Amino acid sequence: MTVTIVGSQLGDEGKGGVVDLYGDAADVVVRYQGGDNAGHTVVEGDEEYKLSLVPSGAVRDKVGVLGNGCVVNPETLFDEMDALRERGLDPDVRLARRAHVIFPYHRALDGIEEEAKSDSDAEVGTTGRGIGPTYEDKVGRRGVRVGDLLDPDVLREKLEYVVPQKRALAEEVYGVETGEEFNVDALYEQYREYGERLAAEDMTVDAGDFLGDRIDAGKNVMFEGAQGTVIDIDHGNYPYVTSSNPTAGGAATGTGVSPGVVGGGEVIGIVKAYLTRVGSGPLPTELGGVAGDTPGYDEQGEGENEELAEYIREKGGEYGTVTGRPRRVGWLDVPMLRHAARTNGFTGLAINHVDVLAGLDEVKVGHSYDLDGEELFTMPATTERWGRCEPNFRSFDGWEDVDWDVVAEQGYDAIPANARRYLDYVSEQIDTDIYAVGVGPGREQTVVLDDPFE
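Residues numbered from 1 in each chain as written. Predicted model: local features only at pLDDT ≥ 70, side-chain atom pairs only at ≥ 80, totals over all residues. Heavy atoms only, no water.

**Considerations on empty space enclosed by the protein**
Piece 1. In the structure shown here, the tally under the stated rule is one cavity of 30 Å³ or more.
Piece 2. The computed volume of the largest cavity comes to approximately 30 Å³.
Piece 3. Residue lining of the largest cavity: Val101, Tyr105, His106, Thr134, Asp137, Arg142, Gly143 and Val144, and that is the complete set.
Piece 4. Of all the elements in the fold, those that place two or more residues in the lining of the largest cavity are α3 (104–118) and α4 (131–139).
Piece 5. The residue inventory of the lining of the largest cavity, partitioned by class, reads three nonpolar, three polar and two charged. (1 Å grid on protein atoms, 1.4 Å probe; cavity = no way out; pocket = protein on both sides within 12 Å on 5 of 7 lines; lining within 4 Å. Points joined across faces, edges and corners; volume = space filled by probe spheres on them. Helix = DSSP H or I, 4+ residues; strand = E, 2+ residues; numbered from the N terminus. Nonpolar A, V, L, I, M, F, W, Y, C, P; charged D, E, K, R; others polar.)

Structure follows, in structure tokens:
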């Protein structure tokens, strides 16, 4: 049995909490794309775990796998694993030998290029973690893979080929003075030691074989996506996207199991009851921006919409897990969800942060768009056309703030009636049943209607 967890929006939907929610029944939790630019927050009792690379299942003592579709910063990985061990956990994490490795020069070039783009307002708003440059090297067939760290001779050979190119790019194209992050000898010594630790702890695997053997043995496997559908490199609002495929198809290519395995299981779309994004790019249902974060934002930050955005941002804790950057806030965008449902083939929905909207007199959703005199019910294919879309809003009566712990204990019928009407509308528009409703950050603060592993 497999369950794939996919963000349906722009990331930050609460995927880590849903992985944790259903994690008891999973034997293996697999990250299938992205790197340490992803932020997963898992709350267990009074403990909060902020993870950027280790799969969320580590909090439940599950085997975690970073698939071949991931890009891995070994320093981040070992730091997170050591920190979890200091807190009494014993993470069992395996790395696909085919996964690509992030080097310091990737991080340096990420920042250099983003700075250069800022001069023309073309910056994407990356985390600066070197994700994009690492995927560039992967596609350019000059990357270094996890398996290469285990063979010092291969590692040295590959670094001697690629590092001079990167140094020349930084110095001669961007005019930046370089340091040890572009030094072959220093990089070789550092990453050879990482390879020795990986070997000593027996952490590397052929991901496809490893997972296939467990599925054949009847084990439950959960595939965990990072980011969200609308920042998928192929299906998102390019170029304001990540460099990999967070959509359900990425679970196959990023792990080595077949599309039939993924499609034959459950695919759960994670929805935040409103909308947020970090960084640049269109956001048709935006309530209020964050100064300097997007072209066209009113620096005055005045008006009812901006006050409402700030209220939701503060109540929902809408700051990036990895970067700490304040997230832009908007009403739920239903054309975006229709696009995500078609792209991923959701079999169920988990809708989070319903409690954050409690206390508002009115809650809106963008039901459709107007573009050039035509009503659209899904996202246009180009970012430029999406940026020109005007949302058609539907309004819902707000719902009262209640004791959400009691609601989680009593079940769906205990959710305030107006909130249930809102949830039913989302389910009907996406033609997908709701499996869970998040009414707080903790594992126990979720109304569970269906368990996909049962």
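Okay, back to it.
**Looking at the pattern of salt bridges**
Piece 1. Counted according to the given criterion, the structure contains 28 salt bridges.
Piece 2. Ionic pairing is found between aspartate 12 and arginine 327, a salt bridge with its closest N-O pair at 3.2 Å. Placement of the pair is aspartate 12 in the loop between β1 (2–7) and α1 (15–21) and arginine 327 in the loop between α10 (304–316) and β14 (328–330), with a sequence separation of 315 residues.
Piece 3. Owing to a relative accessible area of 26%, aspartate 12 belongs among the partly exposed residues under this scheme.
Piece 4. The partner of glutamate 318 in a salt bridge is arginine 327, and the shortest N-O contact between them spans 2.7 Å. Like glutamate 318, the residue arginine 327 is buried in the burial classification.
Piece 5. Each of Asp82, Arg85, Asp90, Arg197 and Glu201 takes part in salt bridges that share partners, so that together they form one network. (Salt bridge = Lys/Arg side-chain N within 4 Å of Asp/Glu carboxyl O. Buried < 20%, exposed > 50% of the residue type's maximum accessible area, 1.4 Å probe, protein only.)

**Here's the deal with unusual backbone geometry**
Piece 1. Geometrically, the link from tyrosine 238 to proline 239 is a cis peptide bond, its omega value of 10° lying close to zero.
Piece 2. Along the chain, proline 239 turns up in the loop between β10 (221–224) and α8 (249–253).
Piece 3. Unlike most non-glycine residues, aspartate 61 shows phi in positive territory, near 60°.
Piece 4. Owing to a relative accessible area of 56%, aspartate 61 belongs among the exposed residues under this scheme.
Piece 5. The phi torsion at aspartate 202 lies on the positive side, around 50°, for a residue other than glycine.

**Here's the deal with the packing of aromatic side chains**
Aromatic ring pairs are reported here in terms of the distance separating the ring centres and the angle at which the planes meet.
Piece 1. What the rule picks out here adds up to seven aromatic pairs.
Piece 2. Relative to tyrosine 422, the ring of phenylalanine 396 has its centre 5.4 Å away and its plane inclined at 85°; by these criteria the two rings are edge-to-face. Here the residue phenylalanine 396 occupies a position in strand β19 (residues 390–397), and tyrosine 422 occupies one in helix α14 (residues 417–430), the gap between them amounting to 26 residues. The pair formed by phenylalanine 396 and tyrosine 422 is uniform in burial state, with each residue classed as buried.
Piece 3. Each residue in the set Phe78, Phe103, Tyr105, Tyr191 and Tyr194 is aromatic and connected to the rest through ring pairs, giving one cluster.
Piece 4. One cation-aromatic arrangement involves arginine 214 over phenylalanine 210; the distance from NZ or CZ to the ring centre is 3.6 Å.
Piece 5. Sitting over the face of the ring of phenylalanine 393, lysine 364 holds its NZ or CZ atom 5.6 Å from the ring centroid. (Phe/Tyr/Trp six-rings, centres within 6.5 Å; stacked < 30°, edge-to-face > 60°. Lys NZ or Arg CZ within 6 Å of the ring centre and 35° of its normal.)

**Considering α14**
Two residues of an α-helix separated by three or four positions point the same way, owing to the 3.6 residues in each turn.
Piece 1. In this model α14 runs 20 Å from its N-terminal to its C-terminal C-alpha over 14 residues, within 8% of the 20 Å that 1.5 Å per residue would give.
Piece 2. Asn418, Ala419, Tyr422, Leu423, Tyr425, Val426, Ser427 and Ile430 are the residues of α14 that are buried.
Piece 3. Looking one or two residues past α14, aspartate 431 carries a phi angle of roughly 55°, positive in sign. (Expected span 1.5 Å × (residues − 1).)

**Quick notes on the sheet that holds strand β20 (residues 434–438)**
The pairing of strands in a sheet happens through backbone hydrogen bonds and is either parallel or antiparallel.
Piece 1. Spatial ordering of the open sheet is given by β9-β7-β5-β2-β10-β1-β11-β16-β20-β21, a layout of ten strands whose pairing is mixed. The sheet is open, and its two borders are formed by β9 (204–205) and β21 (446–448), each paired with just one other strand.
Piece 2. By the bridge criterion, four bridges tie strand β2 (residues 28–31) to strand β5 (residues 63–66) in an arrangement that is parallel. Looking at β5, one finds that valine 29 is bridged to glycine 64. (Pairing = 2+ DSSP bridges.)

**A short note on the packing of helix α2 (residues 74–86) against helix α6 (residues 184–200)**
Piece 1. Packing of α2 against α6 leaves a shortest axis separation of 11 Å and a crossing angle of 45°. Taken together, the axes of α2 and α6 lie oblique to each other. Crossing of α2 over α6 shows left-handed handedness. Facing Pro74, Glu75, Phe78, Asp82 and Arg85 of α2, the residues of α6 in contact are Gln190, Tyr191, Tyr194, Arg197 and Leu198. (Axes fitted to C-alpha atoms, helices over the stretch in contact; angles between N-to-C directions. Parallel < 35°, antiparallel > 145°, perpendicular 65-115°, else oblique. Left-handed = near helix turned anticlockwise from the far one by under 90°. Contact = heavy atoms within 4.5 Å.)

**Re the pairing of β5**
Piece 1. Of the two faces of β5, the one holding Val63 and Val65 and the one holding Gly64 and Leu66 are both buried throughout.
Piece 2. For β5 and strand β7 (residues 92–96), the ladder comprises four bridges, and the chain directions are parallel. Counterpart to glycine 64 in the pairing with β7 is valine 93.

**Brief notes about a nonpolar patch on the surface**
Piece 1. A contiguous nonpolar surface patch, about 240 Å² in accessible area, is contributed by Leu169, Val173 and Tyr174.
Piece 2. Here leucine 169 lies in helix α5 (residues 152–173). (Patch = residues over 30% accessible without salt bridge, like charges linked within 9 Å, V, L, I, M, F, W, Y side chains within 5 Å. Areas by Shrake-Rupley, 256 points an atom, 1.4 Å probe, with all protein chains shown as cover.)

**Things to note about a negative patch on the surface**
Piece 1. A cluster of acidic side chains, namely Asp403, Asp405, Glu409 and Glu444, defines a negative patch on the protein surface.
Piece 2. Inspection of the secondary structure assignment puts glutamate 409 in helix α13 (residues 404–410).
Piece 3. Relative accessible area serves as the criterion here: at 71%, glutamate 409 is assigned to the exposed category. (Lys, Arg positive; Asp, Glu negative; His and termini not counted. Charge placed at Lys NZ, Arg CZ, Asp CG, Glu CD.)

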